[in-house]
Amino acid sequence: MEDRPLEYDYSVSKLFIYTSLGIGFVGMLVGVIIAWEMAFPAINTIFGDGAIAEYTNFSRLRVLHTDSVIYGFVLSGVWASWYYVGQRVLKVSMAESKTLMFIGYAHFWIYLFAAVVLVISLLMGITQSKEYAEFEWPLDLGITVVWLLWGASIAGLIGMRREKTLYISIWYYIATFLAVAMLHLLNNLAIPTYFASDGVGAWYHSVSMYAGTNDALVQWWFGHNAVAFVLTTPIIAIIYYFLPKESGQAIYSYKLSLLSFWGLMFIYLWAGGHHILFSTVPDWVQTLGSVFSIILILPSWGSAINMLLTMKGEWQQVASNPIIKFLVMGSTFYMFSTLEGPIQAIKSVNAIAHFTDWIVGHVHDGALGWVVFVIMAAVYHMLPRMYGREIYSKKIMGTQFWIQTLGIVLYFTSMWIAGITQGMMWRAHDEFGNLAYSFIDTVTVLHPYFVIRAVGGSLYLFGFALFIYNVVQTIRSGRKVEASELQNATPMAA
């Protein structure tokens, strides 16, 4: 009995995969809707200019789009991967502990309830107006509970592990938990106005405990590191596990993975100041943000190069295996995005780029090309090992890859051109020193690029719909496979 192979329990991981697919599609659909609204504002009143238009305008939908994709799709995907990877890397099954199973289910169901409340509150316009931290204090408390439950799961699995060496992916999961916990608590310190003013105002309303420039500093320390520790470190954890497993290749350099890890930990935390250049923040803080943003290229590219060199001598797998294609393209977009970001953080470049659509393009080539590609690849790898079935269609995977890649390219190239055009037009002046263009002049010029952006987003959404279809069909009707077929490359039907 003692020699019997472990039977991992994937029930919690499966639940998070389902929410990742559902919330991800809704979040991307909302993004496509507001992209078309930016190009054709009349779409907002297609159902009339009454009550419905209030809930379909850009200001309501934009925050729903960002938060559902980041905290819905991405975090659900990260947690699905944790409940899969954590067991296999640490050589322990969650089913061995009733406490861990309870924590896992509580983590999921409280999170799902909080997600529903978050969506409703954002649509109602209930927000504290902080980027990536819009939720009012009661919801922040709920988020804290969800996050602590995940931390308890991490601590529990590590505490009962059979494998004593912690693989590098576990390091990145731990860093994600600790950093986001600190960021969330400190940035969301707030005073509930109802209780501080003898019952005046809404009970859920609050004001930040910071004011003015201090509030901006703390907010963008949080905002940039939300990108670092939600959209970067857990995705690196995912790819460091799934790329070697799928390809059958060991990581190129374990030392490089550790050097890159500690580089990211120490450097990323200081780079948030580049979001508030040319503001009331002290100049030395702005310069510090720019300098550390440039230095950040080193650990970021260290991770990406390590991923790509893992395929050294096995590049033929990129052509034959769509999962590896997603992972390699994701690593490439990671390199691209982590070069583009530091360039935008240079003060002379930022003077043109700030507040323009170039920033929007940068965010999306990283999110769509790096984050989403890696999570989708991880889901494709996990499915056959969870359900004992091969992937329903390799052809759909290939079609999805090229449609989504085309969508990303259309998106970020149109936003590059639009952003640089905006920046140059806003700065242009005549011989008398007057501005050469009005704001509406820039809006008119950018219209074609907004249309291209909407087309690119629509293509990406269509590719994501193909992904969902392939996942559902795999679960429902994929050919049953034996354990011997699941050692490395994922089995796929033509």
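Heads up: the structure comes first, above all this text.
Residues numbered from 1 in each chain as written. Predicted model: local features only at pLDDT ≥ 70, side-chain atom pairs only at ≥ 80, totals over all residues. Heavy atoms only, no water.

Caption draft 1: Structural view of the pattern of salt bridges. Enumeration according to the criterion identifies seven salt bridges in this entry. As a salt-bridge pair, Arg 62 and Glu 131 come within 3.0 Å of each other at their nearest N and O atoms. Of the two residues, Arg 62 sits in helix H3 (residues 58–90) while Glu 131 sits in the loop between helix H4 (98–123) and helix H5 (137–159), which places them 69 residues apart along the sequence. The partner of Asp 215 in a salt bridge is Lys 130, and the shortest N-O contact between them spans 3.1 Å. Placement of the pair is Asp 215 in helix H8 (residues 212–230) and Lys 130 in the loop between H4 and H5, with a sequence separation of 85 residues. Exposure class is identical for Asp 215 and Lys 130. Each is buried. If you follow the salt bridges from partner to partner, you end up with Glu 390, Arg 479 and Glu 485 in one network. (Salt bridge = Lys/Arg side-chain N within 4 Å of Asp/Glu carboxyl O. Helix = DSSP H or I, 4+ residues; strand = E, 2+ residues; numbered from the N terminus. Buried < 20%, exposed > 50% of the residue type's maximum accessible area, 1.4 Å probe, protein only.)

Caption draft 2: Summary view of the packing of helix H12 (residues 297–309) against helix H14 (residues 322–345). As a packed pair, H12 and H14 sit with axes 9 Å apart at the nearest point and diverge in direction by 165 degrees. Between H12 and H14, the interaxial angle falls into the category roughly antiparallel. In terms of crossing hand, the pair formed by H12 and H14 is left-handed. For the pair H12 and H14, contact is made by Ile 297, Ser 300, Trp 301, Ser 303, Ala 304, Ile 305, Met 307 and Leu 308 and by Val 328, Ser 331, Thr 332, Tyr 334, Met 335, Thr 338, Leu 339 and Pro 342, respectively. Each residue belonging to the contact of H12 with H14 can be placed in one class, and the counts come to eleven nonpolar, five polar and no charged. (Axes fitted to C-alpha atoms, helices over the stretch in contact; angles between N-to-C directions. Parallel < 35°, antiparallel > 145°, perpendicular 65-115°, else oblique. Left-handed = near helix turned anticlockwise from the far one by under 90°. Contact = heavy atoms within 4.5 Å. Nonpolar A, V, L, I, M, F, W, Y, C, P; charged D, E, K, R; others polar.)

Caption draft 3: Structural view of unusual backbone geometry. We note that Lys 91 has phi near 60 degrees; this positive angle belongs to a residue other than glycine. Note that Lys 91 resides in the loop between H3 and H4. Phi at Tyr 132 takes a positive value of approximately 65 degrees, unusual for a residue other than glycine. If you trace the backbone, Tyr 132 turns up in the loop between H4 and H5. A relative accessible area of 12% means that Tyr 132 is categorised as buried.

Caption draft 4: Region of interest: a nonpolar patch on the surface. On the surface, a nonpolar cluster with roughly 480 Å² of combined accessible area is contributed by Met 182, Leu 186, Leu 189, Ile 191, Val 207 and Met 209. Following the sequence through the fold, Val 207 ends up in strand E2 (residues 206–208). (Patch = residues over 30% accessible without salt bridge, like charges linked within 9 Å, V, L, I, M, F, W, Y side chains within 5 Å. Areas by Shrake-Rupley, 256 points an atom, 1.4 Å probe, with all protein chains shown as cover.)

Caption draft 5: Layout of H4. For H4, which comprises 26 residues, the first-to-last C-alpha distance of 38 Å matches the rise-based estimate of 38 Å (1.5 Å per residue) to within 8%. Once H4 finishes, Gly 125 follows within two positions and takes phi at roughly 85 degrees, a positive value. (Expected span 1.5 Å × (residues − 1).)

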